[in-house]
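Results of the structural survey
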Amino acid sequence: MGSKPFKIRAANDTQKYGVAAQDLNDLIAKGCKVLKVPIKGCKICLQQDGTLINSREFFQALPPLSVLVFLRKGEKWTGDDFGKMILSLLEAPEDPVRKQQLTESLEGMIAKESSPERVHALNLYLQSLPDNIDAETREEDPDWFEGLEKRYKTKSQVMACSAQGRIRGYYSKTKEYVSNLEDPVAKIILKRVLENFRPCLKNNGYHGDYFRRTAKPKKRLCTQAGWFVCHGPYNTKTCQDKHMINPYSSRQKRAVFSTWNLDHRVEKSRTILPSMQQAAVSCPKGKQLNWEYFYELLFTTDNLKLVEISCHKKEAHKGYECDEKKYYTSK
Ligand SMILES: [Zn+2]
């Protein structure tokens, strides 16, 4: 039987080491040596939730690179911070102050969290919290606005700003790409394209309506009550997991919604921007770049999909290219 690699650590030290072991005894022998933990009385558990690894079957079932904690005699491990926090929440539901503290720590974690499994677990917890969907103003639901600037008076205003922030981000990425171009011809042409984008974005309010539940039905991505449905990975028609969320319902949901993505089906950096550059340098005489086409790809739901974190695939979107037939219009 071959060796399996693991990451190991001691309970009182977060430093991790790599070891490869053939079986449980081998793992104990090697791990104890590396971590300077006495073999006698040593126990091994999963860092994630503290499950003891005490059988050959369990050892075999462990995925490679699992993070394991070596416990000295008498030491205990109940899981990492995340696991501990969920556990404490479940154990102390009656204490409102403690619960509030834990919820705030969880929100901090959501902001930093990138693992879909964990975000999902957080979601399950957050679903159990009370919500206040109908409330719209700061007076009606002050808790929802906690941590936000005073100038925000309504939830729709906050959500619109959040959508605008994303669209502005795509614009500045495009601008950055153009200003880094070395080819002077492409640069001049694309600067003109940017000059066309700008007023168009302004006219469209930087597409803040995508997240504004008070916007006209055709303009918004949510229902009138503020429910958003995941559009599914770039290469599917719908979301198999039926992800949905209402960021208008609570501060926590608003935090989770910030991990949802407006994903470019035809990718911005890998595909659209290089294609735009290519189109600029090979523009035929008597034609001009069809900036409206590229605008639609970069900034509108013609090409943007709203996706929950686990439906946001980071891989290259193979087969999703710009349509060369739409690159130019007549002058
Ligand atoms: Zn989804």
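Being a predicted model, the structure only gives us computed values, none of them experimental. (Residues numbered from 1 in each chain as written. Predicted model: local features only at pLDDT ≥ 70, side-chain atom pairs only at ≥ 80, totals over all residues. Heavy atoms only, no water.)

A word on the coordination of the zinc ion
Protein-derived coordination of the zinc ion comes from Cys230 (SG), Cys239 (SG), His243 (ND1) and Cys311 (SG), at a distance range of 2.1 to 2.4 Å. Coordination geometry of the zinc ion: the four donor atoms subtend angles of 94 to 122 degrees at the metal centre, consistent with an arrangement described as tetrahedral. (Donors = N, O, S within 2.8 Å, 3.2 Å for Na, K, Ca; no water. Tetrahedral: all angles 85-135°; square planar, octahedral: opposite > 155°, others 65-115°.)

A closer look at the nonpolar core
Membership of the largest hydrophobic core comes to 49 residues, with the highest contact counts inside it found for Phe197, Phe211, Phe294 and Phe299. At the level of secondary structure, the elements contributing two or more residues to this core comprise helix H6 (155-179), helix H7 (184-203), helix H8 (251-257), helix H9 (268-281), helix H10 (291-299) and strand E9 (304-307). Looking at this core, the element that brings in the most residues is H6, giving seven residues. Among all residues touching Phe294, those that are not within four sequence positions of it are Phe197, Ile272, Met276, Ala279, Leu289 and Tyr327. (Core = buried A, V, L, I, M, F, W, Y, C linked by side-chain atoms within 4.5 Å. Buried < 20%, exposed > 50% of the residue type's maximum accessible area, 1.4 Å probe, protein only. Helix = DSSP H or I, 4+ residues; strand = E, 2+ residues; numbered from the N terminus. Contact = heavy atoms within 4.5 Å.)

A few points about the packing of aromatic side chains
Using the criterion set out here, one finds 15 aromatic pairs in the structure. Taking the centre distance of 6.1 Å and the plane angle of 85 degrees together, the rings of Tyr327 and Tyr328 count as edge-to-face. Ring pairing ties together the aromatic residues Tyr171, Phe197, Trp291, Tyr295 and Phe299, which thus form one cluster. The ring of Tyr206 carries the charged tip of Arg168 above its face, separated from the ring centre by 4.1 Å. (Phe/Tyr/Trp six-rings, centres within 6.5 Å; stacked < 30°, edge-to-face > 60°. Lys NZ or Arg CZ within 6 Å of the ring centre and 35° of its normal.)

Some details on unusual backbone geometry
Not every positive phi belongs to a glycine, and Tyr206 is a case in point at roughly 50 degrees. Looking at the secondary structure, you find Tyr206 in the loop between H7 and strand E5 (228-229). Assessed through its relative accessible area of 6%, Tyr206 is described here as buried.

Examining the confidence of the model for the protein
With 83% of its residues at a pLDDT of at least 70, the protein reaches an overall mean of 87. Ranking the elements of the protein by mean pLDDT puts helix H3 (residues 81-91) last with 57 and H10 first with 98. (pLDDT = per-residue confidence, 0-100.)

Quick notes on the pattern of salt bridges
Overall, the coordinates contain eight salt bridges when judged by the stated rule. Between Arg151 and Glu149 there is a salt bridge, with the nearest N and O atoms lying 2.8 Å from each other. Arg151 sits in the partly exposed class, given a relative accessible area of 48%. (Salt bridge = Lys/Arg side-chain N within 4 Å of Asp/Glu carboxyl O.)

Points about a positive patch on the surface
On the surface, Arg168, Lys175, Arg198 and Lys202 cluster together into a patch of positive charge. Within the residue set of the positive patch, elements represented by two or more residues are H6 and H7. By secondary structure assignment, the location of Lys202 is in helix H7. Under the relative-accessibility criterion, Lys202 is labelled exposed at 58%. (Patch = residues over 30% accessible without salt bridge, like charges linked within 9 Å, V, L, I, M, F, W, Y side chains within 5 Å. Areas by Shrake-Rupley, 256 points an atom, 1.4 Å probe, with all protein chains shown as cover. Lys, Arg positive; Asp, Glu negative; His and termini not counted. Charge placed at Lys NZ, Arg CZ, Asp CG, Glu CD.)

So, the side chain of Lys4
With respect to the helices and strands, Lys4 occurs in strand E1 (residues 4-10). Asp23 provides the closest opposite charge to the buried, unpaired Lys4, separated from it by 11 Å. A polar atom in the side chain of Lys4 sits 3.0 Å from the backbone oxygen of Phe59. If near-sequence neighbours (up to four positions away) are discounted, Lys4 is found in contact with Val19, Ala20, Ala21, Phe59, Gln60, Ala61, Leu62 and Pro64. (Polar contact = N/O pair within 3.5 Å; in protein donor to acceptor, adjacent residues only side chain to side chain.)

Brief notes about the sheet that holds strand E3 (residues 43-46)
Spatially, E2-E1-E4-E3 is the arrangement adopted by the four strands of the open sheet, whose pairing is mixed. Only two strands of the sheet have a single neighbouring strand rather than two, namely strand E2 (13-21) and E3. Neighbour-to-neighbour, the strand axes of the sheet open up by a mean angle of 35 degrees, direction not taken into account. Pairing analysis gives four bridges linking E3 to strand E4 (residues 67-71), with the strands arranged antiparallel. Opposite Leu46, over in E4, you have Leu68 as the bridge partner. The strands touched by helix H1 (residues 24-35) are E1, E2, E3 and E4; relative to E2, the strand with the most contacts, the crossing angle is about 140 degrees. (Pairing = 2+ DSSP bridges. Axes fitted to C-alpha atoms, helices over the stretch in contact; angles between N-to-C directions.)

Structural notes on a nonpolar patch on the surface
Where nonpolar side chains cluster on the molecular surface, the patch consists of Trp227, Val229 and Met244 and spans about 280 Å² of accessible area. Locating Val229 in the fold gives a position in strand E5. Taking the relative accessible area as the measure of exposure, Val229 reaches 44% and is therefore partly exposed.

Remarks on H9
End to end, H9 covers 18 Å across 14 residues, agreeing with the expected 20 Å (1.5 Å per residue, within 8%). Contacts made by the buried residues of H9 are with H6, H7, strand E7 (261-264), strand E8 (287-289), H10 and strand E10 (328-330). (Expected span 1.5 Å × (residues − 1).)

Here's the deal with the environment of Asp323
Within the element layout of this structure, Asp323 appears in the loop between E9 and E10. On the basis of relative accessible area, Asp323 is assigned to the partly exposed category, the value being 27%.

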